[in-house]
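# Close look at the chain arrangement
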Amino acid sequence: MTVGSRGRPGDAGCEVPPDRLRAANDAPVRGDGAYVLYWMIAARRAASNFALDRALAWARRLGLPLAVFEPLRLDYPWASARFHRFILDGMAENARAFGAAGVAYLPYVEPTPRAAEGLLMALAARAAVVVTDDFPSFFLPRMVAAAGRSLPVRLEAVDSNGLLPMRAAPKTFERAVDFRRFLQRELPPHLHAFPDPAPLADLEPALRLAGLDAGPRWPAAAALLAGDAAAFERLPIDHGVTPFRAGGSAAGREALRSFVGERLERYGEERNQPALDATSRLSAFLHFGHVSAHQVFTAVAEQQGWNPSRLGLENRGARAGWWGMTPAAEGFLDQLVTWRELGYNLASQREDYDRYESLPVWARQTLDAHAADARPRVYSLAELAAAATHDPLWNAAQRQLLAEGYIHNYLRMLWGKKILEWSPGPRQALAAMIELNNRYAEDGRNPNSYSGITWCLGRYDRPWGPVRPIFGTIRYMSSENTARKMDVKPYLRRYAG
DNA sequence: ATCGGCTCGCGCAA
DNA sequence: TGCGCGAAGCCGAT
């Protein structure tokens, strides 16, 4: 059988799983609407997207065309050339994909802060129903809630984030192994309910619309999407955080192809050698929605010649042996599914997922007990940002973050542990990690980016002796031991100051 | 270089 | 009640 096969649109199987769908208001579907509006804010892609599937299902049911509105705001925290460029690359490609299919698409980029105010309302005034993305972190939950309150038409939020619908988990989990065990019991049926991999193929004429026009106040971002450098430079965003690589679904698919085709089999052996580039580097494409977790899973499954009958029957939470794939592929899926969706689980269930108070009780107790310990070294946020510490390995990791918007997984743990050690207290350490990660990391602001940071402060971990200054029983890491475990020389060379 | 012990809460089978 | 498990910690023995 084909993994995740759902048949063509129009089949009964095309409807979105109910636990991926929620109403964001009580307003009605309007009978006199001119189109179904998809307000694309997180799953910024034209395929493998449950929200798009839902919008198409509405359009077919109501006999109305589909219109897609993809906005990019200016005034969100940490807005920079790095993130804007990545998102704009995706918008240019979405314009091509929707254009080729005959679907109306309005890409709107704010030229000045708050210029988009009123635009969603104006577009929704002609909509029968509005569908948007259900994304659990950053400013998006508040934005969708506010839109739900003000729109006079039904607003639905669709969860297209992971293999497991966020609402399929009834609780949060203290440790990855508990969530992994939950997945081993609950995930299999969801592997048969994937979003349509090609929802725009051979679209019925009735779904097409020549264009989505919001009038002269809100013109489509044609120049920016065409690559107008001067227009890009004029945007009042942080141009000191420079683009590292191209975004968009095509770049994402190429990153996926090269990883699965060329590096997946080395992943098990080489993932922890930071200079060997064996990791997937897919996180940013997943964060901005240019690639779906379902597409990544499908590519891995196909490379492995896998089908669901290979799944193990035991649910002990063991990392290896459950999927029925090679150790390298299972190691990668533990990242893609267990660890990634663990972060979405927490963010979707707790508004304070990014706050110190959300850390486990044992972690806060031991950190608080050692908050007043003497700090032999304390670095300011500016010194940390400038990679100006005494520690060459830490500086190299920070320079990789500055240049590439990414720190190798293993070294990011060390990076965070040292920020704890060098900050005036644990709360300031968390604040510094959030500030640096959200400003520079391509996938900052994502739920699992927060998981990675807060793991350094005890989240999803357990106490480890001996008790040390500053750390208490928080797991300790040192640059010296890291250098003993891996070959850091090529990494230090590559990211030398 | 590699391995086991440290240590312990949790879910689950019995 | 016992067993299996663990984001990549440390140390010491081989």
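For the structure given in this document, a descriptive report is provided here. (Residues numbered from 1 in each chain as written. Chains lettered and ligands numbered in written order. Predicted model: local features only at pLDDT ≥ 70, side-chain atom pairs only at ≥ 80, totals over all residues. Heavy atoms only, no water.)

This brings us to the nonpolar core. Counting 169 residues, the largest nonpolar core has L37, W39, F69, F297, W323 and F332 as its most contacted members. A total of 10 residues in this core trace back to one element, the largest contributor, which is helix α11 (residues 327-349). The residues contacting W39, other than those within four sequence positions of it, are F69, P71, L120, V130, V131, T132, D133, M143, V144, A147 and L155. (Core = buried A, V, L, I, M, F, W, Y, C linked by side-chain atoms within 4.5 Å. Buried < 20%, exposed > 50% of the residue type's maximum accessible area, 1.4 Å probe, protein only. Helix = DSSP H or I, 4+ residues; strand = E, 2+ residues; numbered from the N terminus. Contact = heavy atoms within 4.5 Å.)

Phi is positive for D202, close to 50°, though the residue is something other than glycine. Inspection of the secondary structure puts D202 in the loop between α5 (176-186) and α6 (222-225). Unusually for a residue other than glycine, R281 sits at a positive phi of about 55°. Structurally, R281 can be placed in the loop between α8 (249-270) and α9 (283-287).

Right, let's get into the protein's contact with DNA strand B. Lining the immediate environment of DNA strand B, one finds K171, R175, R181, R185 and R462. Looking at DNA strand B alone, sugar and phosphate atoms form 57% of those within 4 Å of the protein. The separation between a base nitrogen of DNA strand B and a polar side-chain atom of R175 is 2.6 Å. For the surface near DNA strand B, the residue count by class is no nonpolar, no polar and 5 charged. (Near = heavy atom within 4 Å. Polar contact = N/O pair within 3.5 Å; in protein donor to acceptor, adjacent residues only side chain to side chain. Nonpolar A, V, L, I, M, F, W, Y, C, P; charged D, E, K, R; others polar.)

Neighbouring DNA strand C are 24 residues; N272, W339, Y410, N481 and K485 lie closest to it. The sugar-phosphate backbone supplies 54% of the atoms of DNA strand C found within 4 Å of the protein. Between DNA strand C and R475 there is a distance of 3.0 Å, counted from a phosphate oxygen to a side-chain nitrogen or oxygen. At 2.5 Å, a side-chain N or O of N481 approaches a phosphate oxygen of DNA strand C. Where the surface near DNA strand C is concerned, the elements lending two or more residues are α5, α11, α15 (409-421) and α18 (479-485). Looking at which element gives the most residues to the surface near DNA strand C, the answer is α5, with 4 residues. The class makeup of the residues in the surface near DNA strand C is 10 nonpolar, 5 polar and 9 charged.

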